[in-house]
Amino acid sequence: MSAKDENFTPTIKCSHCGNKAPMKIVASYSEADPITDSDGDVVDEAVDYYELVRCPACERVMLRHSNIGPWDDPDADVVKHILYPKEPDVIRGLPEEVRKAYEAALKVRSIDTNAFAVLLGRVLDKICEDRKAKGESLSQRLSDLAQRGEIPSRLAEMAKSLKDLRNVGAHANLGELTAKEIPFLDDL
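Here we summarise the structure given alongside this text. Predicted, not measured: the structure shown is a model, and the values here were computed from it.

**Things to note about the overall build of the protein**
Thinking step 1. A tally of regular secondary structure across the protein gives five helices and five strands.
Thinking step 2. Along the protein, helices and strands appear, N-terminal first, in the series β-β-β-β-β-α-α-α-α-α.
Thinking step 3. Scored against the burial criterion, the 188 residues of the protein give a buried share of 28%.
Thinking step 4. In the protein, the proportion of contacts linking residues at least 24 apart, taken out of those at least 6 apart, comes to 38%.

Below, the structure is given as structure tokens:
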């Protein structure tokens, strides 16, 4: 396929790296879904469209989906839903400072694993501040929260693992975190 035959999306935001740019459509697929009346007769159809697009910055792909039915305006912009990568779940009910720290961490999640780990460590610090945990180190404050029953002991142990990964992310002499650690960081 020549460069002039390539198709691009309008400017969209990459769900991996946050880059905003037209994305190359590397594959597309459509499938018609029949619409039937009460007798089971096909009266029209809706069409599911899928696009696999690649970000020019990080070169990772996203899978987008849209559904267009006979009720839709053919000239209107079609809403495309990102099927992959899945957006992280929003945690509701967090104290404002904890929420802001967590959202900051999510912004760098797919850009730099080390920065993600460091900012998740900051989230733990903000939680300890919010809950008025006592202790000189993050580890001591997490233990304090567990001893007071604010968090389960097992969660405190897991949070200490996150603290250790944060230290690796913050100090180059301790090593380098990779994208393989992101699911583990997410779980913590």
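Still to come is the rest of the account.
**Details of the nonpolar core**
Thinking step 1. By size, the foremost hydrophobic cluster in this structure holds 24 residues, and its most contacted members are Phe-116, Leu-120, Leu-124, Cys-128, Leu-142, Ile-151 and Leu-185.
Thinking step 2. Elements supplying a minimum of two residues to this core: helix H1 (96-108), helix H2 (113-130), helix H3 (138-147), helix H4 (153-170) and helix H5 (182-187).
Thinking step 3. Among the elements that line this core, the one with the most residues is H2, at six residues.
Thinking step 4. Once you skip the residues sitting within four places of it in the chain, Leu-124 turns out to touch Leu-138, Leu-142, Ala-159, Leu-162 and Lys-163.

**Examining the pattern of salt bridges**
Thinking step 1. Counted under the stated rule, the structure contains 15 salt bridges.
Thinking step 2. Between Arg-148 and Asp-144 there is a salt bridge, with the nearest N and O atoms lying 2.7 Å from each other.
Thinking step 3. The partner of Glu-157 in a salt bridge is Arg-154, and the shortest N-O contact between them spans 3.3 Å. With Glu-157 and Arg-154 both in helix H4, this residue pair falls three residues apart, about one helical turn.
Thinking step 4. Taking relative accessible area as the criterion, Arg-154 reaches 55% and is therefore assigned exposed.
Thinking step 5. Each of Asp-130, Arg-131, Asp-144, Arg-148 and Glu-150 takes part in one network of salt bridges that share partners.

**Here's the deal with the sheet that holds strand E5 (residues 81-84)**
Whether parallel or antiparallel, the strands of a sheet pair through hydrogen bonds between backbone atoms.
Thinking step 1. What the five strands build is an open sheet, ordered E1-E2-E3-E4-E5; its pairing is antiparallel. Taken across any chain shown, the strands that pair with only one partner, and hence form the sheet edges, are strand E1 (8-13) and E5. The average undirected angle you get between the axes of adjacent strands in this sheet is 40°.
Thinking step 2. Across 12 bridges, the pairing between strand E2 (residues 20-36) and strand E3 (residues 42-54) is antiparallel. Directly across from Thr-36, in E3, lies its bridge partner Val-42.

**Topic: the side chain of Asn-114**
Thinking step 1. Relative to the helices and strands, Asn-114 resides in helix H2.
Thinking step 2. Overall, Asn-114 belongs to the buried group, its relative accessible area being 9%.
Thinking step 3. A polar contact of 2.8 Å, which involves the side chain of Asn-114, links it to the side chain of Glu-176.
Thinking step 4. Here Asn-114 is in contact with Val-168, Gly-169, Glu-176 and Leu-177, once residues within four sequence places are set aside.

**Looking at H4**
The periodicity of an α-helix, 3.6 residues per turn, causes residues three or four positions apart to be oriented the same way.
Thinking step 1. The end-to-end C-alpha separation of H4 is 25 Å, in line with the 26 Å expected for 18 residues at 1.5 Å each.
Thinking step 2. Taken residue by residue, H4 has Ala-156, Ala-159, Leu-162, Lys-163, Leu-165, Arg-166, Val-168 and Gly-169 as its buried positions.
Thinking step 3. Buried residues along H4 sit in contact with H2, H3 and H5.

**Notes on the packing of aromatic side chains**
Thinking step 1. One pass over the structure, following the stated rule, counts one aromatic pair.
Thinking step 2. For the ring pair Tyr-29 and Tyr-50, a centre distance of 6.4 Å and an interplane angle of 35° mean the geometry is tilted. With Tyr-29 in strand E2 and Tyr-50 in strand E3, this pair connects stretches of sequence that are 21 residues apart.
Thinking step 3. We classify Tyr-50 as partly exposed; its relative accessible area is 27%.

Cut-offs used in this document
- Residues numbered from 1 in each chain as written.
- Predicted model: local features only at pLDDT ≥ 70, side-chain atom pairs only at ≥ 80, totals over all residues.
- Heavy atoms only, no water.
- Helix = DSSP H or I, 4+ residues; strand = E, 2+ residues; numbered from the N terminus.
- Buried < 20%, exposed > 50% of the residue type's maximum accessible area, 1.4 Å probe, protein only.
- Contact = heavy atoms within 4.5 Å.
- Core = buried A, V, L, I, M, F, W, Y, C linked by side-chain atoms within 4.5 Å.
- Salt bridge = Lys/Arg side-chain N within 4 Å of Asp/Glu carboxyl O.
- Pairing = 2+ DSSP bridges.
- Axes fitted to C-alpha atoms, helices over the stretch in contact; angles between N-to-C directions.
- Polar contact = N/O pair within 3.5 Å; in protein donor to acceptor, adjacent residues only side chain to side chain.
- Expected span 1.5 Å × (residues − 1).
- Phe/Tyr/Trp six-rings, centres within 6.5 Å; stacked < 30°, edge-to-face > 60°.

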